[in-house]
Amino acid sequence: MRCVLYSEHIGGASLTTHETQIRSELLLLKHRAGDEKALPQLVSIWERPLFYYIRRLVNSEEDAWDVLQEVWCRAVPKIRDLRDPGAFSTWLYTIARNTALNHLRDTIHFRELSETEADFAASQTVAAPLFPAFTAEELHLGLAKLKLPHREALTLFFLEDFSHAEIAAITSVPVGTVKSRLYNAKIALRAILEKEL
Amino acid sequence: MNNPELRDRLLELEIVTPELAARYNEKKKAIFERRLTPTLRVMWVLATIMGAGFFVLFSYAAILTLQDPGFPRIGTILFSVGALFGLGWAILGISFVKKGTASLELWNNATLKQMQTMHPAVAGMTWVFCVLLMVACQMMANDMPDTARGNQMILGGMVAMLMFAIPTMIMGHDTKSEIFMREKFLEIELQLAELRKLAAINDNNNKENTPDD
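Reference entry: report on the structure contained in this document. (Residues numbered from 1 in each chain as written. Chains lettered and ligands numbered in written order. Predicted model: local features only at pLDDT ≥ 70, side-chain atom pairs only at ≥ 80, totals over all residues. Heavy atoms only, no water.)

1. Digging into unusual backbone geometry
Residue and element names in this part refer to chain A. So the rule is basically this: Strands are runs of DSSP state E lasting at least two residues, helices are runs of H or I lasting at least four, and both sets are numbered from the N terminus onward. For each residue, the accessible area found with a 1.4 Å probe, counting protein chains only, is set against the maximum for its type, and the residue is called buried under 20%, exposed over 50%, and partly exposed in between.
If you check the backbone angles, Asp161 has positive phi at about 55 degrees while not being a glycine. One can find Asp161 in the loop between α8 (148–160) and α9 (164–171). Judged by relative accessible area, Asp161 falls into the partly exposed class, the value being 25%. Backbone geometry at Ser172 places phi at a positive 55 degrees, although glycine is not the residue there. Inspection of the secondary structure assignment puts Ser172 in the loop between α9 and α10 (175–196). Residue Ser172 is classed as exposed on the basis of its relative accessible area, which comes to 58%.

2. Focus on the pattern of salt bridges
Any two side chains of opposite charge can pair if their charged atoms end up close together. Where we set the bar: Salt bridge criterion: a side-chain nitrogen from Lys or Arg within 4 Å of a carboxyl oxygen from Asp or Glu.
In total, this model carries 13 salt bridges over all chains according to the counting rule given. Here Arg56 of chain A and Glu14 of chain B are joined by a salt bridge, their closest N and O atoms 2.8 Å apart. Of the two residues, Arg56 of chain A sits in helix α3 (residues 38–57) while Glu14 of chain B sits in the loop between α1 (4–13) and β1 (15–16), which places them in two different chains. With respect to burial, Arg56 of chain A and Glu14 of chain B carry one shared label: buried. Where Arg9 of chain B meets Glu12 of chain B, a salt bridge forms, and the shortest distance between an N and an O atom there is 2.7 Å. In this pair, Arg9 of chain B and Glu12 of chain B both sit in helix α1, three residues apart, roughly one turn of the helix. For Arg9 of chain B, a relative accessible area of 30% puts it in the partly exposed group. Owing to a relative accessible area of 27%, Glu12 of chain B belongs among the partly exposed residues under this scheme. Here the salt bridges do not stand alone but share partners, grouping Glu62 and Asp66 of chain A together with Arg23 of chain B into one network.

What follows is the structure, given as structure tokens:
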């Protein structure tokens, strides 16, 4: 089967996280006001990052598409009733995660994601490594080699720049666990990339 | 904060199979259709029956009054309008129940600008229809033998309409205004974000082009 880059297939202009948030809120309002074109636009803004996130959780591309479709089936009927449009992205990623977990149920990945991690405390004073030296291509490849909980936390961080509290809300784990996962994920990713490059 | 370009670069690196993406896009189309829930389906079936009932009833009344030379012509016209109103609902109901979705091509294909024109137009048409109906009823009441009783009924109807329709219209207008204000605010915020992004790109370009001392 021939594969192409997502951007080549789907197209569409890229937006920064902040712009995406504002545009989403605007489209949500238009959708509530009865603009029928707002919803497809909203979906087209979010399907790329959601697909990227889901693809990091499930085993195959086919599963990722199925999960993404299921995400819209669950989210679309409830979008109009969403109380806080500012929390749209967190809400959407939570649905995506829960849908992916349902898909992964009874697999080793599910147990991995459900595991809790020791809260971030001991290494709190140690600065987490940054990634200025690595390109997006290297980070993309490195993510695939991380443990699933680390990969998930770091993907959310890289994609949407979510705060610890937001990642905790999406992943249903305490904030301390998120801090710990992010810290360990950065260390592990750096080690992987330095070893391979 | 992350480098905003990192997000875009990561998304661009995701590899997809066109066949799978096309299959997903096909399935996605069905999600946007407003499928009728069982309750809505029953409601639309009832609305269709009601519309058909109005059509039969008003058509029958219009034909009967047409044969009566003493009956005011405006009454016959009103019954005919009522019959058309019922027929419209029946056709709409049949179409929705048959398709299983409550959406019209006219609405689905309208641009945002057209939608902004259509919404007030539909509200205005409903309002004008109600006012015309009341005025016509008033005229018909004047032609009736017992005009005082007819006038009382019309007056009562108008008061009831004013009591319910006007506050509802004002509340609807208030909500629309609030949404409109928030929408404009977000549009400005979006433009500012885009300008900030452009300014950052320009800054970077300037730094790159400035020769080192």
